[in-house]
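Each chain, letter by letter, is given below.
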Amino acid sequence: MKKFTISVFVLALSVFSVYAQKKPIFEIQGNRGARGLMPENTIPSMIKALENGATTLKMEVVISKDKQVVVSQEPYFNHAISISPNGEEITLKNEKKFNIYKMDYEEVKHFDVGSKPNPRFPQQEKFRVEKPLLGNLIDKVELFVSKKKRMAKPHYNIETKLIRKGDGEFQPSPAEYVELVMDIIKAKKLEGRVTIHSFDIRSLQYLHEKYPHIPTSLGIDEKEDFENNIKALGFNPTIYSPYLPLVGKGLVDKCHAAGIKIIPWTVNTLKDFSYVKNLGVDGIVTDYPNLITEMK
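Every chain's residues receive numbers from 1 upward, in the order its sequence appears when written. With the structure being a predicted model, the display of local features is reserved for residues of pLDDT at least 70 and the display and counting of side-chain atom pairs for 80 or more, all residues being used for whole-chain, interface and lining totals. Heavy atoms throughout the structure, all of them, feed into the side-chain values; hydrogens and water do not.

Participant: Even after reading the chapter, I still don't get a negative patch on the surface, so can you show me in this structure?
Facilitator: Side chains of Asp-221, Glu-222, Glu-224 and Asp-225 sit close together on the surface and give a patch of like negative charge. To qualify as a helix, a DSSP run of H or I must reach at least 4 residues; to qualify as a strand, a run of E must reach at least 2; elements of each kind are numbered from the N terminus. Within the fold, Asp-225 resides in the loop between strand S6 (216-220) and helix H7 (226-233). Every patch collects residues that have over 30% relative accessible area and no salt bridge, joining them within 9 Å if they carry like charges and within 5 Å if they are nonpolar side chains (Val, Leu, Ile, Met, Phe, Trp, Tyr). Every accessible area reported is derived by Shrake-Rupley at a probe size of 1.4 Å, with residue values counting cover from the shown protein chains alone. We count a salt bridge whenever a side-chain nitrogen from Lys or Arg sits within 4 Å of a carboxyl oxygen from Asp or Glu. Neither His nor the chain termini are counted; the positive set is Lys and Arg, and the negative set is Asp and Glu. In plain terms, the charge of a residue is placed at NZ if it is Lys, CZ if Arg, CG if Asp and CD if Glu.

Participant: Explain the pattern of salt bridges to me, please; I cannot follow it from the model alone.
Facilitator: Close approach of charged atoms allows side chains of opposite charge to pair. This model, assessed by the stated rule, comprises 19 salt bridges. Residue Glu-88 pairs with Lys-97 through a salt bridge whose shortest N-O separation is 2.6 Å. A simple rule labels every residue: compare its accessible area, found with a 1.4 Å probe on the protein chains alone, to the largest value its type can have, and call it buried under 20%, exposed over 50%, or partly exposed in between. Residue classification places Glu-88 among the partly exposed residues on the basis of a relative accessible area of 32%. Accessibility expressed as a relative area gives 53% for Lys-97, which makes it exposed. A salt bridge links Lys-109 to Glu-106, with the nearest nitrogen and oxygen atoms 3.1 Å apart.

Participant: Would you explain the side chain of Asn-229 in this entry?
Facilitator: Along the chain, the position of Asn-229 falls in helix H7. Note on contacts: a residue pair is in contact if any heavy atoms of the two residues lie within 4.5 Å. Contacts of Asn-229, omitting those with residues within four sequence positions, involve Leu-218, Ile-220, Glu-224 and Tyr-240.

Participant: Any chance you could explain empty space enclosed by the protein here in plain terms?
Facilitator: Rolling a probe over the atoms, with the probe sized like a water molecule, indicates the empty space that remains. Lining residues are those with an atom within 4 Å of a point, where the points come from a 1 Å grid over the protein atoms alone and group into cavities, where a 1.4 Å probe fits but cannot get out, or pockets, open sets with protein on both sides within 12 Å along at least five of seven lines. Grid points are joined across faces, edges and corners, and a volume is the space filled by probe spheres set on the points. Here the structure, examined in full by the defined rule, presents one cavity of 30 Å³ or more. In this structure, the largest cavity spans a volume of roughly 50 Å³. Lining the largest cavity, in full, are Pro-39, Glu-40, Ile-81, Val-113, Gly-114, Ser-115, Lys-116, Asn-118, Gln-124 and Lys-126.

Participant: So what exactly am I meant to see when it comes to helix H2 (residues 43-51) here?
Facilitator: One full turn of an α-helix is made of 3.6 residues, so residues set three or four places apart face in the same direction. Those residues of H2 not exposed but buried are Ile-43, Ser-45, Met-46, Ile-47, Ala-49 and Leu-50. At the exit of H2 stands Gly-53, carrying a positive phi of roughly 95°.

Here it is as structure tokens:
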């Protein structure tokens, strides 16, 4: 009996050892869902990303006048993808006039952000679709996944999209912004499957202070020393997320030495994917999760 007990213990220890050494999941973040294939930051785009192998849904959120959390890249209606409800032309010159922070969501939802051809993404399907509320998007995604027997529940990488010097005009204060987002996350019980991403260090600093258990991702779009960026932030984020051209072996090594994951954006070709994968990055943000998962 004693011999049997020891054998069982050894077997259990071996299984635990294999499990503990299991290679971390390489993160495929579908940028704004699958922006290369569907209108960005919409529910169909998120579903498409999951169907094509994304493990994480990357999206940006802004705040409406009535304090709703809206999934959108900009806090206004981008002229390149938007059609106004009354047919008024949205141009580069006047797009900021269509300020979501000055509109209730009831008005926001009547803008069409899916029918206008996007020359940057010619493969995009075109159809009428609105900017969704974050809570509604999560509900639809979770319902979709629940009906798929072999599909793992996704992670959500949610970006607070603050405009520099835009407080009070295009967005609330960073503290209020974060609290509105966290209200949704807590209500949907997603604290174990969410990362908050931002290029605005104020929102990450507030989140880290108030919700230290929530993973953070620091977005980087300018050439600046890694050490300076971390010093300005004041703590080590969970993820360092630089623009693809800024990524090299030295940066990857610095991140890993500091215990920080590195996930670059936006990796849209197999050549670029192969390059950063060989550097040892922990994942990628891509507009085309279908291409990447084919190679992976």
